[in-house]
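Spelled out from the first residue to the last, the chains are:
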Amino acid sequence: MEYKTENQIPYNKYDKINIYLTGFGPFLTVKENPSEKISSYLFQNNSKLNTESTFIIYNQIFEVNSVYIDNNISKLFDIINKNKINNENDNILHVIISLGVAESRDVNTLEIRGQNHIYDRIVDNKIDENKPDNYFSKNPVKYIIKGIQNYKNSECKFNNDAGTYLCNYMYFTTLTKCFDEKNICSFFLHVPKLENYSMDKQVLFFKNFIDVLESLYLKGNESKMKSLLERSEERRVGKECRSR
């Protein structure tokens, strides 16, 4: 059994994983954005999450407008490229995890694709006329979610529509910049309000997320990778059979 996505990050190739977080600041009625609070908390308390091989090393908060993203996304990739140069002899996978709030949801949702479209009160057009309509994750998002679901108290889902506003804009932008990079990939995670999914649950979710990433991408974890994908495939087949 094999799961492939376009331009996929290869399994069990890396010695270390560096994680870079992003969140959004306040907007409209969201005076305290959960994505900012969560990404900042995880970064400031990264000792709760770091392992021998995986490290949360950066966090950046973005204002909720596309111009700000365009003008400041380079800071994130400058940090990544600086780390690549400073550690050129190390075999590191660089993982961007961008967070955005989805107030109507009650569990974390990992997005599969970014759409080349932005719609708000000012614009309704393509993000980049020279790019395809969609970019898909370079990671097996559905299997990653099923892997996280194997842990207790880590409710989460995957989703194929990040919307057409700033969350999608951020995801499409990072996917575009990562597309030709062999050791950089990006995720977008929609998070609920903290009263529906507490900070303690977020910490637990990210611990399990990191464990799944290590199973898939670190050297020496080939058996864990195969077991994770096989269990996820069994869950998918079982669900299909029950729905018939």
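These numbers were taken from a predicted model, which means no experiment stands behind them.

Draft legend 1. Highlighting helix α2 (residues 66-86). Taking 1.5 Å per residue, 21 residues should reach 30 Å; α2 reaches 31 Å between its end C-alpha atoms and fits that length. Every buried residue belonging to α2 is among S66, I69, N72, I73, L76, F77, I80 and N83, and all of these are buried. Against the buried residues of α2 lie β1 (16-24), β2 (54-62), β3 (92-101), β6 (118-119), α4 (166-178) and β10 (184-191). Sitting at the head of α2, N65 places a side-chain oxygen 3.3 Å from the backbone nitrogen of V67.

Draft legend 2. Up close: the nonpolar core. Membership of the largest hydrophobic core comes to 43 residues, with the highest contact counts inside it found for V95, I97, I144, F187, F206, F209 and L216. Tallying contributions element by element places helix α5 (residues 199-217) first for this core, with 10 residues. Here V95 is in contact with I17, N18, I19, Y20, C185, F187 and L213, once residues within four sequence places are set aside. Membership of the second largest hydrophobic core comes to 24 residues, among which are F62, I96, C167 and M170.

Draft legend 3. Structural view of the packing of α2 against α4. At a minimum axis distance of 11 Å, the contact between α2 and α4 shows a crossing angle of 40 degrees. When you trace α2 past α4, the crossing you get is right-handed. Contacts between α2 and α4 pair S66, I69, D70, I73 and F77 from the former with L166, Y169, M170, T173, T174, K177 and C178 from the latter. Each residue belonging to the contact of α2 with α4 can be placed in one class, and the counts come to 7 nonpolar, 3 polar and 2 charged.

Draft legend 4. Fine view of the environment of K157. Tracing the backbone through its elements, the reader meets K157 in strand β9 (residues 156-159). If we skip the residues at most four places from it in the chain, K157 touches V107, N108, T109, L110, I145 and Q149.

Draft legend 5. Quick look at the confidence of the model for the chain. Mean pLDDT for the chain: 90, with 91% of residues reaching 70 or above. Here residues 237-244 is a poorly scored stretch, pLDDT under 50, and it has 0 contacts once near neighbours within four places are set aside; other chains count.

Draft legend 6. Main features of the pairing of strand β4 (residues 108-111). Of the two faces of β4, the one carrying N108 and L110 and the one carrying T109 and E111 are both buried. Strand direction decides the pairing type here: β4 and β9, joined by 4 bridges, are parallel. Looking at the pairing, T109 lines up with K157 of β9.

Draft legend 7. Region of the structure containing the pattern of salt bridges. One pass over the structure, following the stated rule, counts 7 salt bridges. E181 is the salt-bridge partner of K84, the closest N and O atoms lying 3.2 Å from each other. In this pair, K84 is assigned in helix α2 and E181 in the loop between α4 and β10, connecting sequence segments 97 residues apart. The exposure class assigned to K84 is partly exposed, which follows from its relative accessible area of 24%.

Draft legend 8. How the structure looks around the environment of K142. In this structure, K142 sits in helix α3 (residues 141-149). Residues K142 and E88, spaced 54 residues apart in sequence, show a C-alpha to C-alpha distance of 31 Å.

Draft legend 9. Quick look at the sheet that holds β2. Across the sheet, which stays open at both edges, the 6 strands sit in the order β2-β1-β3-β10-β4-β9 with mixed pairing between neighbours. Strands with a single pairing partner mark the edges of an open sheet, and in this sheet they are β2 and β9. Strand-to-strand twist in this sheet, taken as the mean axis angle between neighbours without regard to direction, amounts to 25 degrees. By the bridge criterion, 2 bridges tie β4 to β10 in an arrangement that is antiparallel. Paired with L110 across the bridge in β10 is L189. Sheet strands touched by α2: β1, β2, β3 and β10. Its angle to β2, the strand with the most contacts, is close to 160 degrees.

Draft legend 10. Molecular detail of the state of the cysteines. Under the criterion given, the structure shown has 0 disulfides. Cysteine C156 is unpaired, with the sulfur of C185 as its nearest cysteine sulfur at 17 Å. On the accessibility criterion, C156 (5% relative accessible area) is buried. Sulfur of C167: no disulfide; nearest cysteine sulfur belongs to C178 and is 17 Å away.

Calculation criteria
- Residues numbered from 1 in each chain as written.
- Predicted model: local features only at pLDDT ≥ 70, side-chain atom pairs only at ≥ 80, totals over all residues.
- Heavy atoms only, no water.
- Helix = DSSP H or I, 4+ residues; strand = E, 2+ residues; numbered from the N terminus.
- Expected span 1.5 Å × (residues − 1).
- Buried < 20%, exposed > 50% of the residue type's maximum accessible area, 1.4 Å probe, protein only.
- Contact = heavy atoms within 4.5 Å.
- Polar contact = N/O pair within 3.5 Å; in protein donor to acceptor, adjacent residues only side chain to side chain.
- Core = buried A, V, L, I, M, F, W, Y, C linked by side-chain atoms within 4.5 Å.
- Axes fitted to C-alpha atoms, helices over the stretch in contact; angles between N-to-C directions.
- Left-handed = near helix turned anticlockwise from the far one by under 90°.
- Nonpolar A, V, L, I, M, F, W, Y, C, P; charged D, E, K, R; others polar.
- pLDDT = per-residue confidence, 0-100.
- Pairing = 2+ DSSP bridges.
- Salt bridge = Lys/Arg side-chain N within 4 Å of Asp/Glu carboxyl O.
- Disulfide = S-S within 2.5 Å.

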